[in-house]
Every structure is written in C-alpha cells, then in structure tokens.
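For reference, the chains in residue letters:
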Amino acid sequence: MRRNTYDPATGQVTVSEVRAQAIRQTADHYAALFGDAPSLAKLREQYAMSEATVPAKADREALTAFFFWSAWATATDRPGEPGVSYTSNWPHEPLVGNTMTTSAAMWSMASIILLLAAIAAMLWLHGAGRHEEEAVPPKSDPLLGAVATPSMKATRKYFFVVIGLMLLQIAMGVITAHYAVEGQSFFGLPLGEILPYVVSRTAHTQVGIFWIATAWLATGLYIAPLLGGKEPKFQKLGTDFLFYALLVIVVGSTASGWLGTLQRSGTDFSFWLGNQGLEFTSMGRVWQILLFVGLLLWALLLGRALWPALKTPSESRGLIAMVFLSATCIGGFYATSLVWGQTTHYSMVEYWRWWLVHLWVEGFFEVFATAVIALIFTKLGLVRASSANRAIVAETIVFLFGGILGTLHHLYWTGTPTSVIAVGAVFSALEVVPLTLIGLEALQTWKRSQGTPWLAAYKWPVLCFVAVAFWNTVGAGLLGFAINPPASLYYVQGLNMTAAHGHAALFGVYGMLGVGLMLFCLRGLYARHLHADALLKPAYWGLNIGLAMMVFLSLLPAGIYQAWAAISKGLWYARSAEIIHSPVMETLVWLRVPGDILFAIGAVYLGLYALRLLGRGGRRPERATGGVTEAVRT
C-alpha cells in the first residue's frame with residue numbers, strides 16, 4: 001500500500017486486483033451507510049446519522065471516491081521520501097505502516113524546550129526589568145459622568161440578542177451531547193427526525209461564534225464614541241443597520257442550513273446557502289459574503305468614531321490605535337473564508353480554513369481582546385497608560401509571531417513538507433507565553449482594585465476579565481499545548497482532547513470576554529441602581545464552575561481514553577462505535593450532565609439579569625446631549 005504508483009502523465013493509480021476488490025467492497029459499505037440500507041440502520045443510529053444522508057447515487061459515488069483518495073494520500077509514500085506519506089503518516093495505523101515519523105518526535109521535544117526557555121525568559125525579563133510605581137486609582141469613577149450618545153444607546157439591543165444566542169447555543173450543545181448516547185433520539189423522543197445531529201452540532205459551533213462576535217462588535221461601537229469624544233453624523237443609523245443585517249445573517253444562515261439538510265437539497269445548495277460542512281466556517285457562501293461586508297462596515301463605523309482620539313496626541317493613543325488596527329484586521333482577515341471555491345482541492349480548503357480558525361482567532365482576536373482590556377483598565381485608572389502601551393506591543397509581537405507561524409502545525413493532512421510542520425510545532429508553543437503573562441497581570445490588577453470602593457460597580461466585569469486570563473492559561477495554554485506538538489497531535493487530533501481544548505478556550509476565553517465586555521457596557525448604558533448585581537454572582541460562578549466540570553469531568557477524561565485507543569490500535573478504533581458507545585465513554589458523557597446543568601443555570605441567571613434590566617428600562621440622568629463629558633476624554 002505504501003508504494004506510490006501514481007502516473008502524472010495519465011493521472012492514474014495502479015493497484016492490484018485484490019486491493020481493487022477491497023476498494024469496491026469498502027465503497028459499497030459507505031454507499032450503503034450514507035444511503036438507507038436496512039442492514040446498517042443500527043450503525044447509523046450509533047453514528048447519529050439520518051437515513052439517506054446522501055440520497056443521490058452519483059453523490060454517494062463521489063463521496064466514496066473522496067474517501068478512497070483521502071485514504072490513499074495517508075498511506076502512500078511521498079515521492080523521494082520513503083516511509084513518509086503525504087499526510088506525514090497521519091492517522092496512526094500500524095497495519096499500513098502509518099507510525100509517527102522521526103521528525104514529529106524530534107520537533108515535539110524541540111517545541112517543549114522552546115516553551116520552557118520562552119517562559120523562563122519572560123519571567124527573567126519581567127523580574128529584572130525596571131518596575132514603575134503602581135497606578136493609583138482615582139477617588140471616584142472616571143466614567144460616571146459619561147453621557148451615552150444615541151449610537152451608544154443603540155448597542156443595547158445587541159447585548160440582549162447576545163444572551164438569547166448564548167442560551168440557544170447551550171440548548172444545541174445539550175442535544176448534540178445527548179445524541180452520543182441515544183443516537184437519533186432525545187430521552188426517547190425522535191428529535192433526530194427534525195433536528196439531525198449534523199444540524200444541532202453545526203448550530204452549536206456556529207451560534208457560539210455569532211454571539212461572541214456580536215458582543216465584541218457591540219463593545220467596539222459602544223466605546224468608540226466614548227473614546228473619540230463626540231458622535232459622528234449618522235453613527236446611530238449605521239449601528240442600527242448593522243444590527244439588523246447581522247440578525248438576517250444569523251437567522252438566515254441557521255434556517256437555510258437546517259432546511260437544506262432536512263430536504264437533502266444537494267451540494268450546490270449546501271455550498272451557496274446551506275451547510276458547507278466545514279467546522280466554524282460552515283455557513284453558505286452567500287452568508288459568508290454578507291458577514292464579510294458587515295465586518296467591514298463595523299470597522300468603518302469604529303474608525304470614524306475613533307478618529308478624533310487617533311489624531312489627538314495622548315498617552316493612550318497607542319492603545320486606541322491598536323484597538324482600531326486589530327478591529328480592521330478582524331474585518332479584513334475574514335476574507336480568507338472566501339478564498340476557496342466549490343471545486344477547490346480539499347487540501348487547499350483546509351489550508352485556508354485554518355488561516356481563519358487559528359490565525360483569525362488566535363492572532364487578531366487575541367490582540368483585540370488584550371488591547372480592549374488594557375484600554376478599559378487604563379480608563380479606570382488601574383493601569384498606567386505607558387505600562388499598558390509597552391505590554392500590548394510586546395504581547396502583540398509574540399501573539400502574531402507565534403500565531404502566524406504556529407498555524408502551520410495544523411497542516412498534517414494537506415501534503416505539507418515536514419519542515420513546515422516543524423516550524424508550526426515549535427512556534428505554536430510560544431502562544432502559551434503571552435497568555436500566562438496576561439493572567440499574571442489580570443490577577444495583580446484585581447488585587448490592587450480591592451481597596452477602591454467605587455470599583456465595586458465593576459466587580460463582575462473585572463472578574464470576567466480575570467476568568468479570561470485563567471482560561472487563557474488553562475484552556476488555550478495548557479490544554480492547547482497538550483494537543484499542539486506533532487507527537488501529540490498525531491494521535492489525538494479529532495478526538496475529545498480537541499473538544500476539551502475547544503470548549504475551555506472558546507467559551508472560557510472569548511465567551512467570558514464577551515460576557516465581561518457586555519457587563520461593562522451595560523453598566524454605562526443603564527443607571528447604576530437598575531442593575532441586579534445579586535443575579536450576577538450565581539451567573540458568574542455557574543458559568544465558570546460548570547465549564548470546569550464539563551471539561552475536567554467529561555471531555556478531558558474522554559479524550560485521554562480515546563488517546564489510549566488511538567495509540568494502542570489506531571485512530572479508526574478511537575472513533576469507532578465500539579469505543580464511542582463503550583460503557584466508559586457513555587458514562588463520561590453522562591458525567592457532563594452536572595456541569596451542563598450548572599453551566600445552563602449560570603446562563604439563565606445572566607438572562608434574568610438582562611430581562612430585569614430591560615424590564616426596569618430606566619435611563620441614567622444625562623447632563624448634556626450629543627457628546628461625551630470631558631471626564632472620559634483621552
């Protein structure tokens with residue numbers, strides 16, 4: 001199987017008769033599985049697959065051909081590199097000689113050494129450097145006198161939609177997790193007939209991106225006039241238009257993906273309007289284009305409101321510029337999701353998809369998050385502007401330096417040269433370093449703020465930022481690095497180890513940041529006496545403890561169990577029905593329930609806080625109109 005018989009002149013591969021017969025038998029199996037063969041009904045239920053998932057015979061033939069070529073690329077030696085397949089011998093399968101390459105082991109050790117060296121250097125520089133005097137918080141809230149402009153008030157509806165989408169994501173997550181036990185049912189109800197696994201899982205991942213992005217977009221629109229000092233003309237109109245445009249994208253892409261799956265609308269519909277089947281970039285191309293236009297509009301609205309602050313010399317102008325620059329990159333870099341077409345080679349699709357999933361998130365999102373938090377702490381007087389400027393520049397260099405090159409460690413299965421994978425493995429380790437530094441800074445900031453009475457109003461937003469730092473270190477850092485080195489990624493990619501990292505990093509970091517930014521903005525949009533802060537305590541602890549239970553009682557142990565199966569026998573075994581529906585795995589799925597319940601309770605309390613705020617509907621007293629007070633100007 002390892003001998004490469006591909007002929008570039010004819011585009012053909014020659015195989016033996018025995019292997020050709022095995023290929024046909026395997027193709028028949030998958031054609032029956034994705035069809036409606038009664039003999040495989042039980043297996044479809046175990047895989048949470050609907051009957052006749054791919055109804056057209058021609059599409060099933062194309063699908064089985066894709067399976068063959070994918071398998072061929074994983075087990076056939078590259079030209080000139082005996083013993084190394086096009087996918088660097090991934091996935092693990094000793095029967096065909098797919099074992100971890102020497103370079104994967106060597107570069108994994110190198111990445112660990114580099115990580116330790118980078119952390120040591122960070123602590124050395126941090127400890128040996130000149131320490132400035134700690135910032136002295138002002139005696140009163142510097143933002144208390146700020147007047148919300150019309151466009152700032154228009155962001156209120158964004159935040160209520162954020163909570164609604166969060167609750168929807170949790171509901172889809174509960175259903176998706178339960179399908180791992182009952183297959184196509186939900187506690188005996190045949191829910192899979194109207195809400196198949198592929199739809200619930202897609203909604204769970206896609207809606208998570210939607211609500212987090214909405215919280216960030218709304219925060220940018222809220223703080224821009226606050227920092228710029230005045231309301232640009234037609235800013236409120238632009239803010240309202242963007243809101244309804246995003247609402248159309250969220251509802252339209254979710255509904256079209258669901259209907260397209262139920263009606264088996266075919267590949268053309270799936271690509272343009274339905275579900276492309278690419279995680280985190282699954283929405284149809286029409287919705288992707290509309291979202292890209294919306295992100296560019298957001299960057300434009302943000303820039304025109306920040307322009308007065310950007311052209312006025314001040315200590316925090318660098319931070320404001322970094323916020324705007326990272327926001328522009330968030331909008332522009334989404335264009336990487338538009339690079340591939342309907343017939344683009346899958347290796348190229350995966351290449352560009354990881355540019356979006358990894359670099360867009362772990363590069364520009366991290367820079368935006370760090371800059372916004374630093375700016376808020378600076379405005380509250382908790383951090384000196386000069387210190388924040390230096391920190392954000394240093395951390396941005398590390399984020400982008402490690403993030404851009406670190407993206408390459410995902411490219412096992414795209415025919416990537418081993419040298420490129422090695423670079424990605426080594427530099428992906430560096431991503432942990434700035435995350436650790438942010439965690440230390442957030443904790444120090446929280447400790448310094450304890451003796452300032454007026455900061456009690458910002459207790460929960462600040463604690464959310466501290467939680468971001470914690471989950472940055474644990475979820476993105478430790479759990480991320482647990483799967484990043486080639487030796488680890490080789491065995492655990494696509495298993496629950498990835499899900500543990502994904503949940504802890506996506507919600508723990510970006511989700512908690514979205515919640516913290518939302519609470520900070522709502523603090524300025526409604527009078528202080530209208531906030532039911534008592535509801536935020538169970539919301540905060542429910543979300544964080546529930547997430548920890550979900551990850552460490554269920555997902556991580558399940559990932560470790562699957563990793564054992566992948567290492568001992570092969571990746572196919574770790575993902576097989578025999579393992580997925582084993583007593584151990586089903587018990588671990590049920591162990592998610594306590595954490596899921598606690599997490600959902602936290603989200604419900606957050607929803608009650610928002611409903612109570614909305615119901616009271618009071619307005620804070622305004623001392624002026626059409627602008628922002630001098631107290632908050634840079």
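Residues numbered from 1 in each chain as written. Predicted model: local features only at pLDDT ≥ 70, side-chain atom pairs only at ≥ 80, totals over all residues. Heavy atoms only, no water.

### Comments concerning helix α1 (residues 17–33)
Formally: Each helix is a run of DSSP H or I of at least 4 residues and each strand a run of E of at least 2, with the numbering of both proceeding from the N terminus. Every helix has an expected span of 1.5 Å times one less than the residues it contains. Relative accessibility under 20% of the residue-type maximum defines a buried residue, over 50% an exposed one, and the middle range a partly exposed one, all with a 1.4 Å probe and only protein chains included. In this description, the arc belongs to the directions extending from the helix axis to the C-beta atoms. Residues count as neighbours in contact if any of their non-hydrogen atoms are within 4.5 Å of one another.
The end-to-end C-alpha separation of α1 is 24 Å, in line with the 24 Å expected for 17 residues at 1.5 Å each. Where α1 is concerned, the buried positions are Arg19, Ala20 and Leu33. All buried residues of α1 fall inside an arc of 145° around its axis, so they share one side. In α1, the exposed positions that point more than 90 degrees away from the buried face belong to Glu17, Val18, Arg24 and Asp28. Those residues of α1 that are buried are in contact with α2 (41–46) and α3 (57–75).

### Observations concerning unusual backbone geometry
Following Trp90, the chain continues into Pro91 via a peptide bond in cis, with omega recorded as 5°. The topology assignment puts Pro91 in the loop between β4 (81–85) and α4 (102–128). Unusually for a residue other than glycine, Phe234 sits at a positive phi of about 65°. Along the chain, Phe234 falls in the loop between α7 (197–228) and α8 (235–262). Judged by relative accessible area, Phe234 falls into the exposed class, the value being 56%.

### A few points about the confidence of the model for the chain
The condition that has to hold: For every residue, the predictor states its confidence as a pLDDT score lying anywhere from 0 to 100.
Per-residue confidence for the chain gives a mean pLDDT of 86; residues scoring 70 or more make up 92%. In the predicted structure, residues 618–634 sits below a pLDDT of 50 and forms 44 contacts with residues beyond four places in sequence or in another chain.

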